[in-house]
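The lines below spell out each chain.
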Amino acid sequence: MKQTRLHSVLRTATASVVLCCAAFSVSSVQAAPERIVSADGSLTEIVYALGEEQRLVGVDTTSTHPAAATDLPQIGYKRNISAEGTLSLSPDVIIATQNSGPDKVVNQLKAAGVDFRVYSEAPSLAAVEEKIKYVAELLDKPAKGEQLWAQVKLKVDNAKAQAATVSQPLRVMFVLSAGDRSPLVAGSNNGADTMIRLAGGINAVEGFEGYKPMPVEALVAARPDVILMMARPGHTMSAETLFAQPGFAMTPAAKEQRLVTMNGLKLLGFGPRIGDAISELTTALYGDQNAQAAR
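Residues numbered from 1 in each chain as written. Predicted model: local features only at pLDDT ≥ 70, side-chain atom pairs only at ≥ 80, totals over all residues. Heavy atoms only, no water.

### Section: the sheet that holds strand 3 (residues 93–97)
How we decide: Strands are treated as partners if at least two bridges between them are detected by DSSP. A run of H or I in DSSP becomes a helix once it reaches four residues, and a run of E becomes a strand once it reaches two; helices and strands are each numbered from the N terminus. In this analysis, axes come from line fits to C-alpha atoms, helices being fitted only over the stretch in contact, and the angle between any two N-to-C directions falls in the range 0 to 180 degrees.
Strand order in the open sheet formed by four strands is 2-1-3-4, with parallel pairing between adjacent strands. At either end of the open sheet lies a strand with only one pairing partner, and these are strand 2 (56–59) and strand 4 (115–119). Across this sheet, the average inter-strand angle for adjacent strands is 20°, counted without regard to direction. Here three bridges tie strand 1 (residues 36–38) to strand 2, and the two strands are oriented parallel to one another. Bridging across to strand 2, Ser 38 finds its partner in Val 59.

### Some thoughts on helix 12 (residues 274–286)
Selection criterion: A helix is expected to span 1.5 Å multiplied by its residue count minus one. Between buried and exposed lies partly exposed: a residue is buried under 20% and exposed over 50% of the maximum accessible area for its type, with that area taken using a 1.4 Å probe on protein chains only.
Relative to the 18 Å expected for 13 residues at 1.5 Å per residue, helix 12 spans 18 Å between its end C-alpha atoms, a close match to the ideal helical length. Among the residues of helix 12, those classed as buried are Ile 274, Gly 275, Ala 277, Ile 278, Leu 281, Thr 282, Thr 283, Leu 285 and Tyr 286. Downstream of helix 12 by a residue or two, Gly 287 has a phi angle that is positive, lying close to 90°.

### Focus on the pairing of strand 4
Keep this limit in mind: A clockwise path from the first strand over the helix to the second, with the strands pointing away from the viewer, defines a right-handed crossover.
Note that strand 3 and strand 4 share five bridges and pair parallel. The residue of strand 4 that forms the bridge with Ile 94 is Phe 116. In this region the chain leaves strand 3, passes through helix 4 (residues 103–111) and returns to the parallel neighbour strand 4; the handedness of that crossover is right-handed.

### Overview of the layout of surface pockets
Heads up, the rule is: With a 1 Å grid laid over protein atoms only, a set of points is called a cavity when a 1.4 Å probe fits there but cannot get out and a pocket when it is open yet has protein on both sides within 12 Å along at least five of seven lines; lining residues have an atom within 4 Å of a point. Grid points are joined across faces, edges and corners, and a volume is the space filled by probe spheres set on the points. Ten residue types, Ala, Val, Leu, Ile, Met, Phe, Trp, Tyr, Cys and Pro, are classed as nonpolar, four, Asp, Glu, Lys and Arg, as charged, and the remainder, Gly among them, as polar.
In this structure, the largest pocket occupies an estimated 810 Å³ of space. In terms of lining, the largest pocket is formed by 28 residues, of which the most central are Lys 78, Arg 79, Asn 99, Leu 268 and Gly 269. Among the elements of the structure, helix 2 (41–49) and helix 11 (264–268) are those that each provide at least two residues to the lining of the largest pocket. Residue classes in the lining of the largest pocket are distributed as nine nonpolar, 13 polar and six charged.

### Here we look at the environment of Ser 279
In this structure, Ser 279 sits in helix 12. Linking Ser 279 and Ala 161, residues 118 residues apart in sequence, is a C-alpha distance of 9.5 Å.

### Quick notes on the packing of helix 6 (residues 142–164) against helix 12
Put simply, the rule reads: Angles are sorted into four bins: roughly parallel if under 35 degrees, roughly antiparallel if over 145, roughly perpendicular if 65 to 115, and oblique for all others. Each crossing is labelled by how the near helix is turned from the far one, with a counterclockwise turn of less than a right angle marking it left-handed and a clockwise turn marking it right-handed. Here, residues are in contact when the closest pair of their heavy atoms is within 4.5 Å.
Running from N to C, helix 6 and helix 12 point in directions that differ by 20°, and their axes come no closer than 7 Å. Our classification of the angle between helix 6 and helix 12 gives roughly parallel. In this structure, the crossing between helix 6 and helix 12 has a hand that is left-handed. Where helix 6 abuts helix 12, its residues Val 152, Lys 155, Val 156, Ala 159, Gln 162 and Ala 163 lie against Ile 274, Gly 275, Asp 276, Ile 278, Ser 279, Thr 282 and Thr 283. Considered class by class, the residues forming the contact of helix 6 with helix 12 number six nonpolar, five polar and two charged.

The following block contains the structure:
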């Protein structure tokens, strides 16, 4: 009798283990989402770079690369996404960065039962690696993630070697916007500051973090050799127009009309094109592919 009961207990335990394993197997298969909404341009780029773009059903307005991403349904600007528009796409998961929002909408989406994944917004190479590998894991493509990061890192290393040959670093000022009011410029601890340094330059702006308006006197005192801006409507202008403005006209950059413009997502997105962005900026600042000398 005891042996019979023991066999019964063992059979029950074995069945439970099999069921648990089966459930784990099913959940593992289901863990890779089929309907993804991206609330950040760099994350959208990563999904495409991993070859999993068929999973995307919606993106935010910063998702401008590759061009095919702009054809997808949009949920608004990443900092002001639409809850209704996002939910209408029936996403399995939303991928976003820490500056995606607003918080009220994020909470609404979570309350609706949507899986909301948040990744680092830090302007660093470590954050690029993190985003690539974590998104790859989400898609159940860890090997592809490792391969993609290896490719990105190789380009970054080559770009850093290019920038390391600069012997006379230029003072670069990143201008987010310029117009009738004081220009909005980049201080330290932001994407523009990081990119300037990675490209072998010196951030001409000191004394504050993030982006702040700069009065004419401070702009002149910063003595930028080059002005850097994003190449997108509302955020850039011609060198002639820029250097005719008060303050800018009295900088070293004005003498040579040194205005460099780059695609905003490529320059500040910290996505899989980061190596190309560093190399492009270095070349734009120092004039040749080897960046052997500054002007």
